[in-house]
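If you want the building blocks of each chain, they are given just below.
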Amino acid sequence: MEATSLLRLLSVTSLLSCTTDQARLTLSPSSSQFFEDDSLSLSCEEDDSSAGWTLRRNTTRETRTQCGADWGTSAGSPCKISYVLPWDSGVYWCESREGATSQSINITVSGGAVILQSPVLPVMEGENITLICRTQTSSDLPADFYKHDSLIGTGPTGHMTIKADEGVYRCNIRGHGESPPSWISVTGTPTTTAPPTTAAPPELTTVSSAAPPPAPSPLQQVFPVVRYLVVFCPYVISTVLMVSLYRHRPTDNSLHVSMATPRSNRAKEGLAEEQDDEARVSAESDP
């Protein structure tokens, strides 16, 4: 638990550090974890020697302390620590007189029986890296490797090669113990040229890329019905009325009949009057 808290502190401090390409911090041997009483050396590889680069560190006990003055021995470069102790765990970086800083690195010193040797500097995402789980006396014992507390594999000889993926790693050797957690940083995805691919026919591409039409809203569904009622119903009604009026209008034959009927009646009436007159004349002439 204490080691995890320390790792988080170191990671946050590392992220807050300003970086520059004017100096590069190197560590020998290159590992993020060391056993107590191991020795190591750090160097600021300078592009500009006049900048006056100084090696500094942050630990749980001190902040921005300088190599040579507060810890380690330095005759210019490198800075050497002959016997590292757990309180030497922290963030290390190079800093110029103007305040520019190099890439920082995290170092963990373990008082336990197992450490995990992993890249101390950021690596390219997806690059092959080798994790080594070791004791103070051996580096070829079977070990289990974990990322974020999930088992990712077992190395029969304590070694495991993986694709670099940023996160917290640790290892365990049965019968010996577990290593402290170690943070592996990545710098990005390597650029690769994709192999040429055969383009799909235009019609297939069009069909596959076309999105399905949206479902019509209730208003859109009602609108055609309303349009039909407004436009077509008056037309149908007017047509029915016109047909009905046409069927009931007087025809020419009925008009002729109605016009001819009064004439025939008048003729009959005239004939009857003539017959009456003849009858009266006949009656008067008889004795």
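Residues numbered from 1 in each chain as written. Predicted model: local features only at pLDDT ≥ 70, side-chain atom pairs only at ≥ 80, totals over all residues. Heavy atoms only, no water.

Visitor: Any chance you could break down the overall build of the protein for me, citing the residues and the numbers?
Guide: Looking only at helices and strands, one finds 4 helices and 17 strands in the protein. Per-residue burial over the protein gives 31% buried out of 287 residues. Long-range contacts, defined as pairs at least 24 residues apart, comprise 58% of the intrachain contacts of the protein with a sequence gap of at least 6. Entry remark: accessible area of the protein is about 19,000 Å², with carbon and sulfur atoms responsible for 57%. (Helix = DSSP H or I, 4+ residues; strand = E, 2+ residues; numbered from the N terminus. Buried < 20%, exposed > 50% of the residue type's maximum accessible area, 1.4 Å probe, protein only. Contact = heavy atoms within 4.5 Å. Areas by Shrake-Rupley, 256 points an atom, 1.4 Å probe, with all protein chains shown as cover.)

Visitor: Kindly report on the nonpolar core, identifying the contributing residues and their values.
Guide: Leu-27, Leu-42, Leu-55, Tyr-92, Ile-105 and Ile-107 are the most contacted members of the largest nonpolar core, which totals 20 residues. Apart from the residues lying within four places of it in its own chain, the contact partners of Leu-42 are Leu-25, Thr-26, Leu-27, Leu-55, Pro-78, Cys-79, Tyr-92, Ile-105 and Ile-107. Ile-129, Ala-143, Ile-162 and Ile-184 belong to the second largest nonpolar core, which has 16 residues in total. (Core = buried A, V, L, I, M, F, W, Y, C linked by side-chain atoms within 4.5 Å.)

Visitor: Tell me what's going on with the pattern of salt bridges, and back it up with residues and numbers.
Guide: For the coordinates displayed, the defined rule picks out 9 salt bridges. The residue Glu-95 makes a salt bridge to Arg-56 at a minimum N-O spacing of 4.0 Å. Remark: Arg-56 occurs in strand β4 (residues 54–59) and Glu-95 occurs in strand β8 (residues 90–95); sequence separation between them is 39 residues. Side by side, Glu-95 and Arg-56 carry an identical accessibility label, which is buried. (Salt bridge = Lys/Arg side-chain N within 4 Å of Asp/Glu carboxyl O.)

Visitor: Describe in detail the sheet that holds strand β2 (residues 33–35), supporting the description with residues and values.
Guide: With respect to topology, 5 strands assemble into an open sheet ordered β2-β9-β8-β4-β5, the strand pairing being mixed. Two strands close off the open sheet at either side, each with one partner strand: β2 and β5 (65–66). Looking at chain direction, β4 and β5 are connected through 2 bridges and run antiparallel. Within β5, the residue paired with Arg-57 across the bridge is Thr-65. (Pairing = 2+ DSSP bridges.)

Visitor: I'd like to hear about the packing of aromatic side chains, residue by residue, with values.
Guide: For the structure on display, the rule yields 1 aromatic pair. Between Trp-71 and Tyr-92 the ring centres are 5.5 Å apart and the planes differ by 90 degrees, which places this aromatic pair in the edge-to-face class. Here Tyr-92 lies in strand β8 and Trp-71 lies in the loop between β5 and β6 (73–74), a separation of 21 residues in the sequence. Of the two residues examined, Trp-71 and Tyr-92, each falls in the buried class. When the ring centre of Tyr-146 is taken as reference, the NZ or CZ atom of Arg-170 above it lies at 4.3 Å. (Phe/Tyr/Trp six-rings, centres within 6.5 Å; stacked < 30°, edge-to-face > 60°. Lys NZ or Arg CZ within 6 Å of the ring centre and 35° of its normal.)

Visitor: Give a detailed account of unusual backbone geometry, specifying residues and quantitative values.
Guide: A cis amide bond, omega -5 degrees, links Ser-28 with the succeeding residue Pro-29. Checked against the element boundaries, Pro-29 lands in the loop between β1 (23–28) and β2. Residues other than glycine seldom take positive phi values, yet His-148 does so here, at roughly 50 degrees. By secondary structure assignment, the location of His-148 is in the loop between β12 (143–147) and β13 (150–155).

Visitor: Describe the pairing of β12, naming the residues involved and giving the relevant values.
Guide: For β12, the tally of buried residues reaches 5 of 5 residues, placing the bulk of the element in the interior. Because side chains alternate across β12, one face comprises the buried residues Ala-143, Phe-145 and Lys-147, and the other comprises Asp-144 and Tyr-146, equally buried. Where β12 and β13 come together, 5 bridges link them in antiparallel fashion. Paired with Tyr-146 across the strands is Leu-151, a residue of β13. If you look at the hairpin formed by β12 and β13, you'll find 2 residues sitting between the two strands, and His-148 has a positive phi there, around 50 degrees. Of the strand pairs in this sheet, β12 and strand β15 (residues 167–173) are connected by 4 bridges, and their pairing is antiparallel. Residue pairing across strands places Asp-144 opposite Asn-172, the latter belonging to β15.

Visitor: Talk me through the sheet that holds strand β10 (residues 114–117); I want residue IDs and the actual numbers.
Guide: Overall, antiparallel pairing links the 3 strands, which are arranged β10-β11-β14 in an open sheet. Two strands in the sheet have a free side with no partner beyond their single neighbour: β10 and β14 (159–163). Ignoring strand direction, the axes of neighbouring strands in this sheet form an average angle of 20 degrees. Bridge analysis of strand β11 (residues 128–135) against β14 gives 5 bridges, and the strand direction is antiparallel. Among the inter-strand pairings, Ile-129 is bridged to a residue of β14, identified as Ile-162. (Axes fitted to C-alpha atoms, helices over the stretch in contact; angles between N-to-C directions.)

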